[in-house]
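# Residue-level structure breakdown
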Amino acid sequence: MGKLVALTGNIAVATAMKQINPDVCAAYPITPATQVMEQFSEYVADGLVDTELIATESEHSAMSACIGAAAAGGRVMTSTSSQGLALMWEMLYIAAGMRFPITLACVNRALSAPINIHGDHSDSMGARDSGWIQIYAENAQEAYDNQIQTVRIAEHMDVRLPVMSCMDGFITSHAIDSLELLDDKTVRDFVGEYKATYPLLDVEHPVTYGALDLQDYFMEHKRAQAEAMKNSRKVILDVAREYKKISGRGFEYFEEYYMDDAEIAIVILSSAAGTVKVVVDAMRAKGEKVGLLRPRIFRPFPYAELADALSNVKAVAVMDRADSTGAEGGPLFMEFKSALYNNKKQPLMINKIFGLGGRDLMLPDIEMVYRELRDTKNTGKIRTISEYITVRGEEAAYGKA
Amino acid sequence: MVKLKDLIQKEPIMEGGHRMCLGCGAPIIVNLILRTSDAPVVLANATGCLEVASTIFPYTAWRAPWMHSAFENAAATASGIETMYRALRKKGKINKKINFVAFGGDGGTYDIGFQSLSGALERGHRFLYVCYDNGAYMNTGVQRSSSTPFGAATTTSPAGLVIQGKLQKRKDLTKIVVAHNIPYVAQASPHNWLDLTKKAEKAFAVDGPSFLNVVSPCPPGWKSEAKDTIGLSKIAVDTCFWPLYEVENGKYTINYKPKEKLPIEAWLKPQGRFRHLFKPENAELLKQIQQDIDKEWEALQRLASL
């Protein structure tokens, strides 16, 4: 049994970083992630970590410095949100393409415009094709647990890819939650020593990083990167299982809540799952066969396993805290549709876009989704494939039903 | 002090066989500077001619650890490398001295990489930033930069029927770097190898950031002859278009004063990018260029006399 504490999600993540004790951190402040690096800077100032901190002049330079530091040959971590992640965009692809095991605590926040500081997933969802592994946490405990695991996943020799560990801005990052911490030694033993591959600082064995890669080699290198992402599937599971052994906690690819005999289900990421669980409990008490599926890993997307988890469900609502404007639904919805295309058993599927810019998702909103799912299941008819909910406007038929 | 006979005996760190143009100033500058280093070097390179033409996979021209990651971030990349060096040195995982050098053209330094350069200088990383300044975005086909001289024709500031090339004056980046109060800043030219290598030596010796701005003739961009590269860099200095000076802990020193300052036409004439300035109707523009150079040269002399 670890130490029980009350911390915000941000401090929980900073604590994990302190226990990991990376060689270099480079970051730039941005709400709501600022607190992670502020807290970590205190650890540096108090000599509680050996880390060298680079307080850069932008997120672009933060990720660039992380990339330089990783190439030099050591463990590197950073943290950001929203516009900061957007400013890093170019470098996210480069970090992944160069196969640097950098880990990033992403405190999810809406992207401008309009400017907004609150939580939604438009930042990390926009980076879903950048080649980073993405893990989403429901609460501070999981944010802490994930942060520790990211290091092992990223640095595994079959992977060597950057990992983004996401939690919801404010809802998770700023609310004080109770969680259990591992002791420092357990964490350090778990993450182990960093193994540098082809470090720039090995001047006796000079290497060239970032060569111009044209038609004759580029595709092989991208394929190798894709293979590494495939390899991460097994590594993610192994690391989750090993972590469970030392902590007694955690999920693998996803969490299933009353899914065994569920006839209708909601699929949702991160903190909103906690709210959905309250509704599931209440509806289950009335004998309704409702369930919740909360993916933890979004990249690599566990297609087969997630499709299998929904195989016996009759109707599913995938709820997205980000939109992919112009597509038929949000990013999570599209992945699930794709995952189920080759399945013999296919549930009826609808998509709800919710919570943009931190808009609250309340218990009655979730109940309404389950009621619509019940109708969908009973009639076999889908009213509308994808729509915004908890939103003003004539077009939003939802809520009038 | 650097001796020529020692310099030429060192293996070049940027090896031959790369695909830089005939007459390009950059490889000359790079090798002169790197041969001066008293310790092994680790290099960061901005996107640009030097990067593209030296590392076409699976080949590399670099005998030292070298890294390119993007266009605007050579200084930020170098700051990450140098910081990791300090982190590992503190832990006893690395012991030898290493010199860190970042290279960028004027596009990667004056413009898109300006913020990252400023940030890295302010943070005080121990590294040398070298700008090989050829006065335009040569890698993408000679577009104007904030270093392009007034009046020069580029593909985005062409000399047309109503507009005579670039209408704006150059940004004085060297002085902007001086304003960062870093220990060592200098302007140099590849024709004066002794001056350039002395400056590189001083730059490597300081405990903090240093910056060298080196004029780098570009035959395709300047529309000049490859054989004239060294000659043109000398004339750039003799006309005082590109004065050789250094600023050590804030103190300006002019390293070379031409006995007789050449008229700017001597530098403009051999370059096709200034051809239009020699039309009779553009006489005023030529006069203006000369006046600006005179004014800047006087201002520099005043700074050096402080």
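### Concerning the nonpolar core
Residue and element names in this part refer to chain A. In terms of nonpolar packing, the biggest core is built from 168 residues, with M63, I67, I102, Y144, I148, L201 and F336 touching the most fellow members. Tallying contributions element by element places helix 3 (residues 59-72) first for this core, with 9 residues. A domain-level breakdown of this core finds at least three residues from each of domain 1 (3-247) and domain 2 (254-388). Those residues within four positions of M63 in sequence are excluded, and the remaining contacts are T78, M88, M91, L92, A95, I102, L104 and W132.

### What about helix 6 (residues 140-155) of chain A?
Residues and elements named next belong to chain A. Taking 1.5 Å of rise per residue, the 16 residues of helix 6 would be expected to cover 22 Å, and the 23 Å separating its terminal C-alpha atoms lies within 8% of that figure. The largest bend along helix 6 measures about 25° and falls at Q149. With 15 of its 16 residues buried, helix 6 lies for the most part within the structure.

### Here we look at the interface of chain B and chain A
Every contact between the two is made by 44 residues of chain B and, on the other side, 46 residues of chain A. For the pair chain B and chain A, the two sides together bury roughly 3300 Å², of which 63% comes from carbon and sulfur. Counting the surface chain B buries against chain A, the share from its top three residues, F57, M67 and M84 of chain B, is 19%. Ionic pairing is found between E193 of chain A and K93 of chain B, a salt bridge with its closest N-O pair at 3.6 Å. Of all the elements in the fold, those that place two or more residues in the side of chain B that touches chain A are strand 1 (41-45), helix 3 (49-54), strand 2 (66-68), helix 4 (74-90) and helix 6 (114-123) of chain B. Top contributing element to the side of chain B that touches chain A by residue count: helix 4 of chain B, with 12 residues. With 2 bridges connecting them, strand 9 (residues 208-209) of chain A and strand 2 of chain B associate as parallel partners. Bridge pairing in strand 2 of chain B links T208 of chain A to W66 of chain B.

### Quick look at the pairing of strand 4 (residues 128-133) of chain B
In terms of burial, strand 4 of chain B is a largely internal element, 6 of the 6 residues being buried. Covered by surrounding structure in strand 4 of chain B are L128, V130 and Y132 of chain B together with Y129, C131 and D133 of chain B, the residues of both alternating faces.

### Things to note about the packing of helix 9 (residues 272-285) of chain A against helix 12 (residues 363-379) of chain A
Residues and elements named next belong to chain A. Put simply, helix 9 and helix 12 touch, their axes get as near as 9 Å, and they point 60° apart. Taken as axis vectors, helix 9 and helix 12 run oblique relative to one another. The chirality of how helix 9 crosses helix 12 is right-handed. For the pair helix 9 and helix 12, the contacting residues are T275, V276, V278, V279, V280 and M283 in the first and L363, I366, E367 and Y370 in the second. Each residue belonging to the contact of helix 9 with helix 12 can be placed in one class, and the counts come to 8 nonpolar, 1 polar and 1 charged.

### Here we look at a nonpolar patch on the surface
Residue and element names in this part refer to chain B. There is a patch of nonpolar side chains on the surface, built from L161, V162, I163 and L167 and spanning about 490 Å² of accessible area. Here L161 lies in the loop between strand 4 and helix 7 (173-178). With relative accessibility at 88%, the residue L161 sits in the exposed group.

### Details of the packing of aromatic side chains
Residue and element names in this part refer to chain B. Applying the stated criterion to the full structure yields 18 aromatic pairs over all chains. Taking 5.8 Å as the distance between ring centres and 15° as the angle between the ring planes, the aromatic pair formed by W62 and W66 counts as stacked. The pair W62 / W66 is uniform in exposure class, with both members buried. Considering the side-chain rings of F241 and W267, the 4.1 Å spacing of their centres and the 25° angle between planes classify their relative orientation as stacked. Of this pair, F241 sits in the loop between helix 10 (229-238) and strand 7 (245-248) while W267 is found in helix 11 (residues 265-268), placing the two residues 26 residues apart along the sequence. Take F241 and W267: they sit in the same class, and that class is buried.

### Concerning the environment of A65 of chain A
Relative to the helices and strands, A65 of chain A resides in helix 3. With relative accessibility at 0%, the residue A65 of chain A sits in the buried group. A sequence separation of 17 residues divides A65 of chain A from S82 of chain A, and the C-alpha atoms of the two residues are 19 Å apart. If sequence neighbours within four positions are ignored, A65 of chain A has contacts with A26, I54 and T56 of chain A together with A76, S79 and G80 of chain B.

### What to know about the confidence of the model for chain B
For chain B, per-residue confidence averages 97 on the pLDDT scale, and residues scoring 70 or more make up 100% of the total. Both scores are given for the predicted complex: the pTM is 0.97, the ipTM 0.97.

### Here we look at helix 4 of chain B
Residue and element names in this part refer to chain B. In this model helix 4 runs 24 Å from its N-terminal to its C-terminal C-alpha over 17 residues, within 8% of the 24 Å that 1.5 Å per residue would give. Within helix 4, 14 of the 17 residues are buried, which leaves the element mostly enclosed by the surrounding structure. A positive backbone phi angle near 75° is found at G92, which sits one or two residues after helix 4.

### What about the environment of V247 of chain B?
Residue and element names in this part refer to chain B. Here V247 lies in strand 7. Distance from V247 to L303, taken between C-alpha atoms, is 10.0 Å for residues 56 residues apart in sequence. Setting aside residues up to four positions removed in sequence, V247 forms contacts with V178, P183, Y184, V185 and Y252.

### Points about empty space enclosed by the protein
All names here are of chain B. Taken as a whole, this structure holds 5 cavities of 30 Å³ or more when the rule is applied. By volume, the largest cavity amounts to about 60 Å³. Lining the largest cavity are D133, N134, G135, S147, P149, R170, V215, W222, F241, W242, W267 and R273. Of the residues that constitute the lining of the largest cavity, the class distribution is 6 nonpolar, 3 polar and 3 charged. Space inside the second largest cavity adds up to approximately 50 Å³. What lines the second largest cavity is N99, F100, R126, F127, L128, A203, F204, V206, G208 and S210. Counting residues per element, the ones that place at least two in the lining of the second largest cavity are strand 3 (99-105) and helix 8 (193-205).

Reading the values: rules and limits
Residues numbered from 1 in each chain as written. Chains lettered and ligands numbered in written order. Predicted model: local features only at pLDDT ≥ 70, side-chain atom pairs only at ≥ 80, totals over all residues. Heavy atoms only, no water. Core = buried A, V, L, I, M, F, W, Y, C linked by side-chain atoms within 4.5 Å. Buried < 20%, exposed > 50% of the residue type's maximum accessible area, 1.4 Å probe, protein only. Helix = DSSP H or I, 4+ residues; strand = E, 2+ residues; numbered from the N terminus. Domains from an automatic or database assignment. Contact = heavy atoms within 4.5 Å. Expected span 1.5 Å × (residues − 1). Bend = angle between axes of the 7 residues up to and from the residue. Buried area = accessible area lost by both parts, 1.4 Å probe. Salt bridge = Lys/Arg side-chain N within 4 Å of Asp/Glu carboxyl O. Pairing = 2+ DSSP bridges. Axes fitted to C-alpha atoms, helices over the stretch in contact; angles between N-to-C directions. Parallel < 35°, antiparallel > 145°, perpendicular 65-115°, else oblique. Left-handed = near helix turned anticlockwise from the far one by under 90°. Nonpolar A, V, L, I, M, F, W, Y, C, P; charged D, E, K, R; others polar. Patch = residues over 30% accessible without salt bridge, like charges linked within 9 Å, V, L, I, M, F, W, Y side chains within 5 Å. Areas by Shrake-Rupley, 256 points an atom, 1.4 Å probe, with all protein chains shown as cover. Phe/Tyr/Trp six-rings, centres within 6.5 Å; stacked < 30°, edge-to-face > 60°. pLDDT = per-residue confidence, 0-100. 1 Å grid on protein atoms, 1.4 Å probe; cavity = no way out; pocket = protein on both sides within 12 Å on 5 of 7 lines; lining within 4 Å. Points joined across faces, edges and corners; volume = space filled by probe spheres on them.

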